[in-house]
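# Coordinate analysis (summary)
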Amino acid sequence: DTEVTQTPKHLVMGMTNKKSLKCEQHMGHRAMYWYKQKAKKPPELMFVYSYEKLSINESVPSRFSPECPNSSLLNLHLHALQPEDSALYLCASSQGPGLLDTQYFGPGTRLTVL
Amino acid sequence: GENVEQHPSTLSVQEGDSAVIKCTYSDSASNYFPWYKQELGKRPQLIIDIRSNVGEKKDQRIAVTLNKTAKHFSLHITETQPEDSAVYFCAAMNFGNEKLTFGTGTRLTIIP
């Protein structure tokens, strides 16, 4: 089963709100990723967790805060976002660094910041 | 860091004809090259991938070729069908550094 799930599917929030995006995989993968995708653009890497530790942080603003509670779950906490943060947020997972690193994507959360 | 260029940005093909999308990469250490298909409003889905110890890989109507010397790889879709219409992204990665770098995408339209 190559299933990565994400909730919610859609999220509308104001610039003063705090919200969280959730991602889950049950494939035993040890690496999980957050990507941001704007319309008509490729996904842009935001964060990588490898064995539940943050291994890559692509200079993302601090209003985005990732969390990996365990090897199956990945959260993205959002606070004081800007309208330009509106995008599709994709989660992905893979077996782990150096191991057949095919990344499988979740369906995404479409975020709108008002 | 890695840089991946992808061409063309849009491609229209008559149903039944073949489509070819080309990518070049900059980092000679890259050794894994997946292709993703993304339909409107949906997730990127892996359709085929190739590793640097292989020159060509085929899966039914889809094939990928890799030229390590020239640092380019291509996606070939034969006998195209309307359901092949989507945006296709190539990507490159060095196993172990965990960062997948995407090309800019090709919007493929199959004309019935």
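Scroll up a little and you will see the structure.
Within any chain, residue numbers begin from 1 and follow the written order of that chain's sequence. Chains carry letters from A onward and ligands carry numbers from 1 onward, assigned in written order. With pLDDT at 70 or above as the cut-off, local features in this predicted model cover only qualifying residues; side-chain atom pairs require 80 or more to be listed or tallied, and sums for whole chains, interfaces and linings still use all residues. Here the side-chain values reflect all heavy atoms present in the structure, with hydrogen atoms and water set aside.

## Overview of the overall build of chain A
We count it as follows: Think of it this way: any DSSP run of H or I at least four residues long counts as a helix, any run of E at least two long counts as a strand, and we number them from the N terminus. As defined in this context, the radius of gyration uses C-alpha atoms, and a globule is described by 2.2 Å times the residue total to the power 0.38. Only protein chains enter the area calculation, which uses a 1.4 Å probe; residues under 20% of their type maximum are buried, those over 50% are exposed, and those in between are partly exposed. The accessible surface values rely on the Shrake-Rupley method and a 1.4 Å probe; as for residues, cover is taken only from the protein chains in view. The convention is simple: Lys and Arg are positive, Asp and Glu are negative, and His and the chain ends are not counted. Charged side chains are reduced to one point each, which is NZ for Lys, CZ for Arg, CG for Asp and CD for Glu.
Secondary structure assignment for chain A yields 0 helices and 11 strands. Reading the helices (α) and strands (β) of chain A from amino to carboxyl end gives β-β-β-β-β-β-β-β-β-β-β. Taken against the 2.2 N^0.38 rule, which gives 13 Å for 114 residues, the C-alpha radius of gyration of chain A at 13 Å falls within 12% of a compact globule. C-alpha atoms of chain A, sized along the principal axes, occupy 40 × 25 × 20 Å. Residues counted as buried form 48% of the 114 residues belonging to chain A. As displayed, chain A has an accessible area near 5,400 Å², and 51% of this comes from carbon and sulfur atoms. On chain A, the mean spot of the 12 positive side-chain charges and the mean spot of the 10 negative ones are 8 Å from each other.

## What about empty space enclosed by the protein?
All names here are of chain A. As a reminder of what qualifies: In this analysis, the protein atoms alone were mapped onto a 1 Å grid. Cavities are point sets where a 1.4 Å probe fits without being able to get out; pockets are open sets with protein on both sides within 12 Å along at least five of seven lines; lining residues have an atom within 4 Å of a point. Grid points are joined across faces, edges and corners, and a volume is the space filled by probe spheres set on the points. Nonpolar residues are Ala, Val, Leu, Ile, Met, Phe, Trp, Tyr, Cys and Pro. Charged residues are Asp, Glu, Lys and Arg, and all others, Gly as well, are polar.
Tallying each qualifying case throughout the model produces 1 cavity of 30 Å³ or more. One number sums up the size of the largest cavity: a volume of about 40 Å³. His29, Arg30, Ala31, Met32, Tyr49, Tyr51, Glu52, Cys68 and Ser71 together form the lining of the largest cavity. When the residues that make up the lining of the largest cavity are grouped by side-chain class, the tally is 5 nonpolar, 2 polar and 2 charged.

## A short note on the side chain of lysine 37 of chain B
All names here are of chain B. As a reminder of what qualifies: Take a side-chain nitrogen of Lys or Arg and a carboxyl oxygen of Asp or Glu: if they are within 4 Å of each other, that pair is a salt bridge. Nitrogen and oxygen atoms within 3.5 Å of one another constitute a polar contact, given that in protein one can donate a hydrogen and the other can accept it, and given that sequence-neighbouring residues count only through two side-chain atoms. Throughout, a contact is declared for two residues whenever any of their heavy atoms are within 4.5 Å.
Relative to the helices and strands, lysine 37 resides in strand 4 (residues 32-38). Salt bridges are absent for the buried lysine 37, whose nearest opposite-charge side chain, glutamate 39, sits at 4.1 Å. Polar side-chain contacts of lysine 37 include one of 2.8 Å to the backbone oxygen of glutamate 83. Those residues in contact with lysine 37 that sit more than four places away from it in its chain are Arg43, Pro44, Gln45, Ile47, Glu83, Asp84, Ala86, Val87 and Tyr88.

## Here we look at the state of the cysteines
Residues and elements named next belong to chain A. We apply this condition: Any two cysteine sulfur atoms within 2.5 Å of one another count as a disulfide.
Applying the stated rule across the entire model yields 2 disulfides over all chains. Through a disulfide, cysteine 23 is tied to cysteine 91; the S-S separation comes to 1.9 Å. On the sign convention where negative means left-handed, the S-S torsion of about -70° between cysteine 23 and cysteine 91 marks this disulfide as left-handed. Note that cysteine 23 is positioned in strand 3 (residues 18-25) and cysteine 91 in strand 9 (residues 87-94), a separation of 68 residues in sequence. Of the two residues, cysteine 23 and cysteine 91, neither departs from the other in class, the shared state being buried.

## Observations concerning the nonpolar core
Operational definition: The set of buried Ala, Val, Leu, Ile, Met, Phe, Trp, Tyr and Cys residues whose side-chain atoms join them within 4.5 Å is what this entry labels a nonpolar core.
If you look at the biggest cluster of nonpolar residues, it comprises 24 residues, and the most contacted ones within it are Trp35, Phe73, Leu75, Tyr88 and Leu108 of chain B. Put simply, the parts of the chain that give this core at least two residues each are strand 2 (10-14), strand 3 (19-25), strand 4, strand 5 (45-51), strand 7 (62-67), strand 8 (72-77), strand 9 (86-92) and strand 11 (106-111) of chain B. By size, the runner-up hydrophobic cluster in this structure holds 23 residues, among which are Leu21, Met46, Cys68 and Leu78 of chain A.

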